[in-house]
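Working through the structure, step by step
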Amino acid sequence: MSAREVPQGRLRTPFYSRLAELDTLNAWHTWKGYTVPDALYCADTEYFAIRNSTAVFDLTPMTKYRITGPDALVYIDRLVTRDMSKIRPGRVAYAVWCNDQGQTIDDGTIFHLREGEYRLCSQERHCAWLMDSAIGLDVSITDETADVAALAVQGPTSFATLSRMGIDGLGELKPFGLMHVDFDGFELMVSRTGFTGDLGYELWTAPENAVSLWDYLFAAGEITGIRAMGTDALEQARIEAGYIMAYIDFLPANATMRTGRTRSPLELGLDWLVDFKKPNFNGRRALAEEKRSGSTWRLVKLDIEGNKPAHHAYIFADRKGRKNIGFVTSATWSPVCKQNIALGTVRMPLGAPGSELWVEIFYQREMHWSRVMARAEVVDKPFWFPKRRGLTPPDLV
Amino acid sequence: MKTYDAVVVGAGHNGLTTAAFLAKAGLDVVCVEKNDYIGGAAVSRKLHEDWIYSNCSYVCSLLRPEIFRALELHRHGLQVTPFGGSLTFMENGDYYGSYHDPEVAYRERARFSRRDADAYERYRSDTMRQCRIIRDFLLSTPPDPTSFRPKDLLGLMQIGRKFLEVGEDRIYETIRFWTMSVAEYLDEYFETDVIKAAMSGSGIIGTALGIHSPGTAYVLLHHYMGDVDGNVGSWGFARGGMGAVSGAIAGAFQSYGGELRTEAGVDKIIVRNGNARGVGLENGDEILANIVVSAMDVKRTFLNCMDRSDVDEDFYTRVENFKIRGSSGKLNIALDGLPTFPALPEGNSLHISDMHFIDSMERMERAYDDWKAGTWSKDPYIDMVIPTTVDPTMAPPGKHFMSCFIQYCPHKLEGRDWTDPEREAFARTVIDQIANYSPDFKKLILHYEVRTPADIEEQIGITEGNIFHGELTMDQLLFNRPVPGYAQYRAPVAGLYMCGSSTHPGGGVMAAPGANAAREILADLKRPNTVPENFGDD
């Protein structure tokens, strides 16, 4: 057997040629080994395409596993904290999974593609954990990250764009629904999902169809304001939607060294995903105990006064800053809400929705640094949740 | 008969802003509007099939983010989308672009002059220094320099401190800046004619002044001091047209329990025993209220809508002398497709920008000469945008809406009223100038709306159709706006307030006059303040 050298440089997704054509900035970074754009023209313009027309994001580097076999449902239901028996074929579930201590390993979306056939899509790689969890069950797990090309098509005119492209029946697709269509002779899966908090869809197909799919999509989008986007715009949008990110808002439990740095789903505001009524799932005992005795941390959504983004800021219980209770994990100015928003982690029992906290923001103006203690209100709902996101069928604009 | 806590006259964005903050404080407020639609000059109307026109104001930057946030305007449908830079087409077939990306902008200026490219850095910091002085005062009531009330003294001290902050040697610069012409100011930095011409437009938009008129350097600031999401000086489109601004503020107002009445034009502000008591409508109805707030311009308020005997002599004269001059018009066009501009390379980001078609300082000044002679500019300064390049809601897919702001255009032609053929000829002037740079433009035109200052006055009610409710010259700014001694939103009649753009800090769809007026009213009524503080620039 001859030795085969693995690729030494950054990988290219099947959409790379099209992204490169549109790119004017030459600002790229690496995401799970793939080269991906920070932005292609201008992060602001791309962000506003999400909120105003149609933005297209290449999410191929997302980790994707195919889970099949007679025990697939039993397996997944034991893996994640939410009741997967309720997720029928053609539906998608946001889910979280834990180690035995009830600490979050990762969150992701699980697509029930067909009876007994699932796709798990996550930020991080979990093959070892998934394989180990399968021992004793008749289930097969395949890493299909490189075998599926995927695009997020997001924004108020995304429905109009995809309808113009010729996807029939899209009008009936509800949020978190998925459908298989035969498109121009190839198989395409369309799900009404996304990471922007807006009306939006994701398209999934084999890599060899990628360029053709892209071309159809952009031809259809010519008059609906289509724009390709990079990760900068997505980052802003996902904070507005209140979505958390691994390695930013929490750490994957299996990859931390220091005690106390992990978070349970209850500590990430994901208690609605933890179902104690269903059969046993991994981490259940620990989570039940935590529910009984109380959590240590709480994820908070903060609406902060003023306009200085609170990146990396400490959070205090009082204006004088005597009691440090946590820190901001994600922060941005929200262009649609005109709010200074952040996600943070604070010690329980502080930070209940509606309560007032203080955020210490350092900012630099013409070399000099200043500091401000800004009042912040803990809010319950996502900062951005437009009506169109839930409408079926969606409006055309 | 019911007596409201307050009646606000005029449902433009400022009237609605005052009304919203008063209603938010728990007052029983009614806002009356003469038209059968709201918005005043921040309005969207369907005049041709499925095209939505921003009939008057057309871009959004000055709207204070503090107000946006306090009234939660995003919940009421307002979304402001920024757009790229600006573009000036040149007679020689070239173009000059002002790009959003600073390095690209540098390269573009250097294409004309390396010196100008470098000079921009200093120009920017000098101009922004002036901007910082004024930006902090937008969301506050101007102090009265003749008063010894602690609040006024404090206010004056704050202004003084702001001036001292700029540095001793720079105070001279500041005084010069506030009195200079935009042409002189630009001459101090730049050598390239087209670069200066492109920048000078911001010094004259909405004013009856030319680029060589003293005081126009300040007007430049008025167009630089806005921001979209912290990008100071950048502009955006309101999704759905500028009516979305008024619509969202009205939504907030109604969510606080406010009442909106359209087709309720005010004939007279009712004054009894020296107190404003309500309004008499054109249809003969009366609306009684403990206070009356006028969002109309200061001339219309005091000269047209009040009994002569209710207004003191000196004040009346000063209002008569207040300068509100019609100087700009609009042409709103429904297009069958996107016009092409062959001078600009395909795919260039400035295809989404505001476009201009006048490339020299000489042409800018000549445009003003026509206005002085009592007619519209035969080679006008046009500020042209196509909002549908980013906003999918204003025209059917693939179709477009174009907004042209035209300077100069007088209220009367050589002292007499406009005739229809003259309005057409005005529109032709604009269309021809654009068509010089876009060969397919004319055949794409499906419908257009001509708006001379006289039309704007007729439909919106602003005296002479002046977009700022009065010139933005030093004699009419800060504590002199609209009338010395009456800059704190209170009229010389008890219970009567002013909240339109004739008051500080002036026009431009800022909503700051409306918010500042509400703050003063709530203070007088000893109600808790609902009006936000300035974010502060530090």
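Worth saying up front: this structure is predicted, and the values here are computed from it rather than measured. (Residues numbered from 1 in each chain as written. Chains lettered and ligands numbered in written order. Predicted model: local features only at pLDDT ≥ 70, side-chain atom pairs only at ≥ 80, totals over all residues.)

Concerning the overall build of chain A
Threshold: Think of it this way: any DSSP run of H or I at least four residues long counts as a helix, any run of E at least two long counts as a strand, and we number them from the N terminus. Here the globule rule reads 2.2 Å times residues to the power 0.38, and the radius of gyration is calculated from C-alpha atoms. Residues with at least 20 other C-beta atoms within 10 Å of their own are called buried, those with 12 or fewer are called exposed, and the rest are partly exposed. The C-beta atoms themselves are positioned from the backbone. Throughout, a residue-residue contact means that the two C-beta atoms, derived from backbone geometry, are no farther apart than 7 Å.
From N to C terminus, chain A includes eight helices and 19 strands. On C-alpha atoms alone, chain A measures out to a radius of gyration of 21 Å, which is about the 21 Å that the 2.2 N^0.38 rule sets for 397 residues. If you line up chain A on its principal axes, its C-alpha atoms span 65 × 55 × 50 Å. In chain A, which comprises 397 residues, the proportion classed as buried is 47%. Within chain A, counting contacts between residues at least 6 apart in sequence, those at least 24 apart form 68% of the total.

Side note on the interface of chain A and chain B
What counts here: Residues are sorted three ways: Asp, Glu, Lys and Arg are charged, Ala, Val, Leu, Ile, Met, Phe, Trp, Tyr, Cys and Pro are nonpolar, and all the rest, Gly among them, are polar.
At the interface, 22 residues of chain A touch 20 residues of chain B. For the side of chain A that touches chain B, the element with the most residues is helix α2 (residues 43-52) of chain A, which contributes four residues. Of the residues contributing to the side of chain A that touches chain B, the split by class is nine nonpolar, nine polar and four charged.

Some remarks on the sheet that holds strand β5 (residues 92-98) of chain A
Residues and elements named next belong to chain A. Put simply, the test is: Strand pairing is assigned whenever DSSP detects at least two bridges linking the two strands. Fitting a line to C-alpha atoms yields each axis, with helices limited to the stretch in contact; the angle taken between N-to-C directions then spans 0 to 180 degrees.
On the basis of which strands lie adjacent, the open sheet formed by five strands has the order β5-β6-β7-β4-β8 and antiparallel pairing. Strands at the two margins of the open sheet, each flanked by one partner only, are β5 and β8 (140-143). If you compare each strand with its neighbour and ignore which way they point, the axes differ by 30° on average.

Re the domain arrangement of chain A
All names here are of chain A. Basically, it comes down to this: The split into domains, and so the bounds of each, comes from an automatic or database assignment of domains.
As far as domains go, chain A holds domain 1 (16-60 + 148-241) and domain 2 (296-382). A separation of 32 Å is found between the C-alpha centroids of domain 1 and domain 2. The interface is formed by seven residues belonging to domain 1 together with nine residues belonging to domain 2. If you list the elements that add at least two residues to the side of domain 1 that touches domain 2, you get α2 and α7 (231-241).

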